[in-house]
Amino acid sequence: MTEAREDFFDDMTTDDDSTFDAMSVDHVELYVSSLATSTDWLVDQYGFTVTADNAGEAARIGARSTVLDQGRIRIVLTEGLDETHPASVYVARHGDGVGNIALGVSDVATAFAAAVRRGARPVAEPQGRDGAVSATIVGFGDVHHTFVQRRDENAEGPGGLSGLSPVAGRTPAVDPRLTAVDHFAGCLEAGTLDATVDHYVRVLGFSMIFAEDIVVGTQAMISKVVQSASGAVTLTLIEPDTTRQPGQIDSFLKNHGGAGVQHVAFNTDDVIRSVGLMKEAGVGFLDTPDTYYQLLARRVAVRRHSVDELREHDVLMDEDHDGQLFQIFTRSVHPRRTLFMEVIERSGARTFGSNNIKALYEAVELQRATSGTLT
């Protein structure tokens, strides 16, 4: 620890339970191999608008970044120009993926000091730029968390992100009206789930709100969900059950090269509308066998959309004590097939559709039994 850092912590000796109460998702940073390709992907197929870039300072920084916005979602795409830049190192190790889940807080200096004192590994100390203050800690795997404090809460734009300037981006051809980030799903190495959950609870004041073992045939995974005190930041953390046959989580860990974000879920107010427009724009979604919808009526009474609408768009449906949810997963366009997206509409429901995994598996097995094939 440097002398300067010791002085910093001498000035920040206390924190209380309210340190992280106002936490939100400020932005999501994806490290990518081709900024142009990734920008086209999110603008043309997902309806994001380019609002800023760092073209004027990219050479100095060693990376080129672009900011895209939609609803309350802000995505930063960063392509390393220097092989030593964190984006270059990440892409070389994992391919394109989520390298930073930035967290909005009311006071960066207090949040950073509290997190480090509680056991977080620091990456960058608090610094101010362009109307915002930021500081960074390690999350899980190679995913970092940058705390962001905007001095003007009503200010728009990418304040605090190095070298970025507003630009007039092209108008997207599609408007799926994605509204916010619902949650992130992270895959962890076997045996690290409990420690990771404890880290978020102890260091950032999260609470564990849901836990279950999901068994699908000969495969199984263990899932625990942690959520910030504000309810605005949710992580679904999953590790493989090594007592069963290897499955999708094992494949992710192998192909990704360790723990990381498997998918990002976006909220919508109308999943049928959003998915329909995104399909027309070229987004590929996972297919759902027709038998899933034949069995759906036995499980639940669908209230928000008709079964025919769900079937037409391959949307899955689940419910909990608080309401219903409708979700669908995109096909991965990642060369390693380790990153995809989810579109989710919540009609009161607060959980994460785990019954869909079991119901979908049951439907596929029934289809295979009746047709002799597996779709």
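Going by the structure above, here's the rest.
Since the model is a prediction, treat every value here as computed from it, not as a measurement.

Right, let's get into helix H5 (residues 108-117). Of all 10 residues in H5, 8 are buried; the element is thus mostly enclosed. All of the buried residues in H5 are Val108, Thr110, Ala111, Phe112, Ala113, Ala114, Ala115 and Val116. If you check the start of H5, you find a side-chain oxygen 3.1 Å away from the backbone N of alanine 109, and it comes from aspartate 107. Immediately beyond the C-terminal end of H5, within one or two residues, lies glycine 119, with a positive phi of roughly 125°.

Most of strand S16 (residues 323-329) sits out of view: 7 of its 7 residues are buried. Pairing geometry for strand S15 (residues 316-320) and S16, over 5 bridges, is antiparallel. By the bridge assignment, aspartate 320 is partnered in S16 with glycine 323. Here S15 folds back onto S16, and the loop between the two strands holds 2 residues.

Below, the discussion takes up the environment of valine 264. Positionally, valine 264 belongs in strand S14 (residues 260-268). On a C-alpha basis, the gap between valine 264 and methionine 341 in space is 5.1 Å, while along the polypeptide they are 77 residues apart. Apart from residues lying up to four places away in sequence, valine 264 is in contact with Val98, Val181, His183, Phe184, Phe340, Met341 and Glu342.

Another aspect to go through is unusual backbone geometry. With the exception of glycine, most residues fall at negative phi, and the peptide bonds are largely trans. Not every positive phi belongs to a glycine, and aspartate 314 is a case in point at roughly 65°. Positionally, aspartate 314 belongs in the loop between helix H10 (307-313) and S15. On the basis of relative accessible area, aspartate 314 is assigned to the buried category, the value being 13%. In this model, arginine 337 sits at a positive phi of 60°, which is unusual for a non-glycine residue.

Turning our eyes to something else, we now look at the sheet that holds strand S17 (residues 340-347). The strand order across the open sheet built from 8 strands is S11-S12-S13-S10-S14-S17-S16-S15, with neighbouring strands paired in mixed fashion. Strands at the two margins of the open sheet, each flanked by one partner only, are strand S11 (207-216) and S15. Adjacent strand axes in the sheet meet at a mean angle of 25° when their direction is disregarded. Here helix H8 (residues 271-280) sits on the sheet in contact with strand S10 (178-187), S14, S16 and S17, set at roughly 155° to S17.

This part covers empty space enclosed by the protein. Gaps left between atoms are located by rolling a probe of water-molecule size over the structure's atoms. The final tally for this structure, using the stated rule, is 1 cavity of 30 Å³ or more. Of the volumes computed, that of the largest cavity is approximately 40 Å³. Lining the largest cavity are Gln219, Ala220, Met221, Pro240, Gly247, Gln248, Ile249 and Asp250. Of all the elements in the fold, those that place two or more residues in the lining of the largest cavity are strand S12 (219-227) and helix H7 (248-256). Counted by class, the lining of the largest cavity contains 4 nonpolar, 3 polar and 1 charged residues.

Scanning the entire structure with this criterion turns up 15 salt bridges. Of the charged contacts in the structure, one is a salt bridge between aspartate 142 and arginine 93, with a shortest N-O distance of 2.8 Å. Taken as a pair, aspartate 142 in the loop between strand S7 (132-138) and strand S8 (144-150) and arginine 93 in helix H4 (residues 86-94) lie far apart in primary sequence, 49 residues in all. Residue arginine 202 is joined to aspartate 198 by a salt bridge in which the shortest nitrogen-to-oxygen separation is 3.3 Å. Remark: aspartate 198 and arginine 202 occur in helix H6 (residues 193-204); sequence separation between them is 4 residues, near one turn of the helix. Residue arginine 202 is classed as partly exposed on the basis of its relative accessible area, which comes to 39%. Relative accessible area serves as the criterion here: at 40%, aspartate 198 is assigned to the partly exposed category. By sharing partners, the salt bridges in this structure join Glu57, Arg60 and Arg129 into a single network.

Here is what the cut-offs are and how they apply
Residues numbered from 1 in each chain as written. Predicted model: local features only at pLDDT ≥ 70, side-chain atom pairs only at ≥ 80, totals over all residues. Heavy atoms only, no water. Buried < 20%, exposed > 50% of the residue type's maximum accessible area, 1.4 Å probe, protein only. Helix = DSSP H or I, 4+ residues; strand = E, 2+ residues; numbered from the N terminus. Polar contact = N/O pair within 3.5 Å; in protein donor to acceptor, adjacent residues only side chain to side chain. Pairing = 2+ DSSP bridges. Contact = heavy atoms within 4.5 Å. Axes fitted to C-alpha atoms, helices over the stretch in contact; angles between N-to-C directions. 1 Å grid on protein atoms, 1.4 Å probe; cavity = no way out; pocket = protein on both sides within 12 Å on 5 of 7 lines; lining within 4 Å. Points joined across faces, edges and corners; volume = space filled by probe spheres on them. Nonpolar A, V, L, I, M, F, W, Y, C, P; charged D, E, K, R; others polar. Salt bridge = Lys/Arg side-chain N within 4 Å of Asp/Glu carboxyl O.

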